[in-house]
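Geometric and topological summary
If you want the building blocks of each chain, they are given just below.
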Amino acid sequence: MKEKKKILFVCLGNICRSSSAEGVMRHLVEEAGREDEFVIDSAGILSYHQGELPDSRMRAHAARRGYNLTHLSRPVRTEDFYNFDLIIGMDDRNIEDLIERAPDLETEKKIRRMTDYCRVKMVDYVPDPYYGGAQGFENVLDILEDACAGLLESIRAISSIQDN
């Protein structure tokens, strides 16, 4: 049996961007009938929202697109660097914080930027919508839908190469 691909999405507080990335990715994987091939989770750099559901505004915008965001916020833990194959940050600050926390160079190699997987929306980072209006949440979902689809394509391509 093939080993599951383990992906951790990370943002500052784990209540908007990373929890949405988790929800979008889960949805895409389920649509593809591949949910048994993945472990998908999310976490925050900081723990001040630990145990909370995603932001209610983010949940509302996501629900309109068919995503059910039920993840409870948690902070990034040292063991995450060993347990996940990919650790994907939403912006430069998240990437810098993850690199600082990585236990060694091998685990640091697992860190990626979410927007590196974008296929259509060419942006440098996923902006934090927390202090913005409704359009900010919609923009984040647009970026995440594009990037998660690109991520899934990237994993498919790598898997097909490894299978041959």
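It should be noted that the structure appears before, not after, this text.
I will try to describe carefully the structure that is included in this document.

1. A closer look at the nonpolar core
Residues I7, F9, M25, M114 and L151 are the most contacted members of the largest nonpolar core, which totals 34 residues. Looking at this core, the elements with two or more residues in it are strand 1 (5–11), helix 1 (17–31), strand 2 (38–44), helix 2 (56–64), strand 3 (86–89) and helix 6 (134–163). With residues up to four places along the chain from it excluded, the contact list for I7 reads M25, F38, V39, I40, D41, F84, L86, I88, L151 and I155. The next biggest cluster of nonpolar side chains, apart from the first, holds twelve residues, and it includes A43, F81, I95 and A102.

2. Things to note about the environment of V120
One can find V120 in the loop between strand 4 (111–113) and helix 6. Separated by 105 residues in sequence, V120 and I15 place their C-alpha atoms 25 Å apart.

3. Considerations on the sheet that holds strand 4
As summarised here, the arrangement of the four strands in space is 2-1-3-4, forming an open sheet in which the pairing is parallel. Of all strands in the sheet, those with a lone pairing partner are strand 2 and strand 4, marking the two edges. Averaged over all neighbouring strand pairs, the angle between strand axes comes to 25 degrees, with direction disregarded. Note: strand 3 against strand 4, three bridges, orientation parallel. Opposite G89, over in strand 4, you have R113 as the bridge partner. Strands strand 1 and strand 2 of the sheet are contacted by helix 1, whose axis makes an angle of about 170 degrees with strand 2. Most of the contacts of helix 4 (residues 92–101) go to strand 4, to which it runs at about 175 degrees, and overall it touches strand 1, strand 3 and strand 4.

Conventions used here
Residues numbered from 1 in each chain as written. Predicted model: local features only at pLDDT ≥ 70, side-chain atom pairs only at ≥ 80, totals over all residues. Heavy atoms only, no water. Core = buried A, V, L, I, M, F, W, Y, C linked by side-chain atoms within 4.5 Å. Buried < 20%, exposed > 50% of the residue type's maximum accessible area, 1.4 Å probe, protein only. Helix = DSSP H or I, 4+ residues; strand = E, 2+ residues; numbered from the N terminus. Contact = heavy atoms within 4.5 Å. Pairing = 2+ DSSP bridges. Axes fitted to C-alpha atoms, helices over the stretch in contact; angles between N-to-C directions.

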